[in-house]
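Coordinate analysis (summary)
The primary structure of each chain is shown beneath.
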Amino acid sequence: MADSPLARWRRRSLRFRLTALAAVALVLAFAVSASTLMMVLGRSLMDTVDETTRQHAQAVRAQADSGTLTDPITTQDGTIVQVIAANGRITHGTYGADRLVPLLPAHDRRRAQSHENSWFRDGEPYGIPGPLRVVVVSGDDGITVLAARPVAEIEKSLIVAGRVLFVGTPLLVAFLAGASWLIIGRTLRPIAALRKGAAEITHTARSRRLPVPEARDEVHSLAVTLNDMLARLEGAESRQRALVSDAAHELRSPLASIRLQLEVALGHPEGQDWRETAEGVLEDTLRLSRLAEDLLALARLDERGGRLARNEPVNLEEVVRQVVERYGEARLTACEPVVVRGDALDLSRVLTNLMDNAVRHATGKVEVALRADGELTVSDDGPGIPEQDRERVFNRFTRLDDGRGRDEGGAGLGLAIVRETVRAHGGTVHLEDAAPGLRAVVRLPPAA
């Protein structure tokens, strides 16, 4: 099936389509302008002829009314004049003017007198080549003055002007279309540079950027936006690579421990405490399970790009009470009612991670408080964290030295999950000194 003209038009280059549209617009504009010019020029020339001819006729009428009219009538510009008496006889005329046949018949003269119009007449019957423009003026005693001028030269001038426009307009359109082709090509050159730069960027050239034009125009803004997007993609890829590398490193330890315990048990089965071996393998398996859950949670947060899985009213007081009840060593010092918008499961995970971190490092006291303005605090009386490290611990797979030394220490993902989740809910989280110990402060915006 043949392609439609519209489909072929859409497959054309942007440069061709813009140039074609510009050429069509120029053709239409020049056609309208040329026709308007010819019409206005013709009307202006005819009005000038009518005015001059009418002035001659009025001068002759004034002479006829005063009785000073000579015969033949003399004119300087070749105007033909006839003076017709009330009985319809031609009494006076210019040299060479017909003395028997008026330039206009009686009924046309009456119509011209009543409407003050000008008339076209063929000059051949009067020995004048080309058309005549006739003006009628009435005088005293029923006389009528007819004045006429040949307009063949005017018609020739209009024909010449029309030919000039007919020949010159296509040449001008072709010139302007060529200029448009060059200008549009030059305008699109930065876009071609962007396309070439994008084609040269591969998965191995992550630090490449697109060329930014010097002009502060829309193409400049597009290039800056695309470079920002490339920077974000590069950052996301770097984070993904770091996540994979850190996850592989974290997975090696429990897997190596499980393998070692099983190899020792199988190598010396007679002296092996199988219950102790099973407990050790179970502990490492639980560690792997927690790591897998944390990685899955981070992957889901990254996949959503900071958006919530659910956005519904959540009774934060109920969530806090349910989580704190699972920790016997924790004490709820305040729990004021507050409703926020978000995902109840994600908010429960935030508090669970904070509680696990507090219980892991506390020496004997863990306190939780919820205020009506959406501020949630989890405090412990442990060793705390130095001020210079309180922001760093929110990075993925970041654990301080004392945390790494504990067998029950996590993989360093808990606080990273907390920050990403709180940000998705439009809130903030930070750590501060609890004197003694550490306090995690989460602020969530209450629902309207």
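Structure: above.
Summary of the structure given here. Predicted model only: the values in this text are computed from it and were never measured.

The peptide bond linking Asp 71 to Pro 72 adopts the cis configuration, its omega dihedral lying at 5 degrees. Of the consecutive residues Ala 435 and Pro 436, the connecting peptide bond is found in the cis state with omega at 0 degrees. Relative to the assigned elements, Pro 436 resides in the loop between β11 (428–433) and β12 (438–443). Of note, Ala 435 is a non-glycine position whose phi angle comes to about 45 degrees, a positive value. Structurally, Ala 435 can be placed in the loop between β11 and β12.

The subject of this paragraph is empty space enclosed by the protein. The full count for this structure, using the stated rule, is two cavities of 30 Å³ or more. The volume enclosed by the largest cavity comes to roughly 60 Å³. The wall of the largest cavity is formed by Leu 354, Asn 357, Ala 358, Val 378, Asp 380, Leu 415, Leu 431, Leu 438, Arg 439 and Ala 440. When grouped by side-chain class, the residues that make up the lining of the largest cavity number seven nonpolar, one polar and two charged. Of the pockets and cavities examined, the second largest cavity occupies roughly 50 Å³. Around the second largest cavity, the lining residues are Leu 316, Leu 347, Val 350, Leu 351, Leu 376, Val 422, Val 442 and Leu 444. The biggest single contributor to the lining of the second largest cavity is helix α8 (residues 344–361), with three residues. In the lining of the second largest cavity, the residues fall into eight nonpolar, no polar and no charged.

Overall, antiparallel pairing links the five strands, which are arranged β2-β1-β5-β4-β3 in an open sheet. With one partner strand each, in any of the chains shown, β2 (90–93) and β3 (118–122) form the two edges of the open sheet. On average, adjacent strands in this sheet sit at an angle of 25 degrees to one another, irrespective of strand direction. With seven bridges joining them, strand β4 (residues 131–138) and strand β5 (residues 144–150) adopt antiparallel strand pairing.

Moving on, we get to the pairing of strand β1 (residues 80–84). Of all five residues in β1, five are buried, a share of seventy percent or more. Burial along β1 is two-sided: Ile 80, Gln 82 and Ile 84 facing one way and Val 81 and Val 83 facing the other are all buried. Both β1 and β5 contribute to a ladder of five bridges, which runs antiparallel. Its bridge partner being in β5, Val 81 is matched across the sheet by Ala 147.

Our next topic: the pairing of strand β10 (residues 375–380). Across the six residues of β10, six count as buried, placing the element largely inside the fold. Here β10 shows two buried faces, one formed by Glu 375, Thr 377 and Ser 379 and the other by Leu 376, Val 378 and Asp 380. Counting the residues between successive antiparallel strands, the hairpin from strand β9 (residues 366–370) to β10 contains four residues, one of them, Gly 374, with a positive phi of roughly 90 degrees. As judged from the six bridges shared by β10 and β12, these two strands associate in the antiparallel manner. By the bridge assignment, Glu 375 is partnered in β12 with Arg 443.

Using the criterion set out here, one finds twelve salt bridges in the structure. Arg 371 serves as the salt-bridge partner of Glu 375, at 3.6 Å between the closest nitrogen and oxygen. A residue is classified by how much of its surface remains accessible, and Arg 371, at 39% relative accessible area, is partly exposed. With a shortest N-O distance of 3.3 Å, Arg 392 and Asp 389 are connected by a salt bridge. For Asp 389, a relative accessible area of 16% translates into the label buried.

Further remarks concern a nonpolar patch on the surface. On the surface, Leu 6, Trp 9, Phe 16, Leu 21, Trp 181 and Leu 182 cluster together to form a nonpolar patch covering roughly 570 Å² of accessible area. Going through the elements one at a time, α1 (5–11), α2 (14–66) and α4 (152–200) are the ones with two or more residues in the nonpolar patch. Judged by relative accessible area, which is 32%, Phe 16 ranks as partly exposed.

Turning our attention to the nonpolar core. Counting residues in hydrophobic clusters, the biggest one holds 34 residues, and the most contacted among them are Leu 316, Val 320, Leu 354, Met 355, Val 378 and Leu 431. Elements with a minimum of two residues in this core: α7 (316–324), β7 (330–335), α8, β9, β10, α10 (414–424), β11 and β12. Beyond its immediate sequence surroundings of up to four residues, Leu 431 is in contact with Ile 385, Arg 390, Val 393, Phe 394, Leu 415, Leu 438, Arg 439 and Ala 440. Grouped together as the second largest cluster of nonpolar side chains are 14 residues, Ile 84, Trp 119, Ile 128 and Val 136 included.

This part covers the packing of helix α6 (residues 274–304) against α10. In contact at an axis separation of 10 Å, α6 and α10 are set at 25 degrees when each is read in the N-to-C sense. As summarised for this structure, α6 and α10 are arranged roughly parallel, according to the angle between their axes. Considering only the axes of α6 and α10, their crossing is left-handed. Counted together, Asp 294, Ala 297, Leu 298 and Leu 301 of α6 and Ala 416, Ile 417, Glu 420 and Thr 421 of α10 form the full contact between these two elements. The residue makeup of the contact of α6 with α10, split by class, is five nonpolar, one polar and two charged.

Conventions we followed
- Residues numbered from 1 in each chain as written.
- Predicted model: local features only at pLDDT ≥ 70, side-chain atom pairs only at ≥ 80, totals over all residues.
- Heavy atoms only, no water.
- Helix = DSSP H or I, 4+ residues; strand = E, 2+ residues; numbered from the N terminus.
- 1 Å grid on protein atoms, 1.4 Å probe; cavity = no way out; pocket = protein on both sides within 12 Å on 5 of 7 lines; lining within 4 Å.
- Points joined across faces, edges and corners; volume = space filled by probe spheres on them.
- Nonpolar A, V, L, I, M, F, W, Y, C, P; charged D, E, K, R; others polar.
- Pairing = 2+ DSSP bridges.
- Axes fitted to C-alpha atoms, helices over the stretch in contact; angles between N-to-C directions.
- Buried < 20%, exposed > 50% of the residue type's maximum accessible area, 1.4 Å probe, protein only.
- Salt bridge = Lys/Arg side-chain N within 4 Å of Asp/Glu carboxyl O.
- Patch = residues over 30% accessible without salt bridge, like charges linked within 9 Å, V, L, I, M, F, W, Y side chains within 5 Å.
- Areas by Shrake-Rupley, 256 points an atom, 1.4 Å probe, with all protein chains shown as cover.
- Core = buried A, V, L, I, M, F, W, Y, C linked by side-chain atoms within 4.5 Å.
- Contact = heavy atoms within 4.5 Å.
- Parallel < 35°, antiparallel > 145°, perpendicular 65-115°, else oblique.
- Left-handed = near helix turned anticlockwise from the far one by under 90°.

Fair warning: the whole summary comes from geometry, so function is off the table for now.
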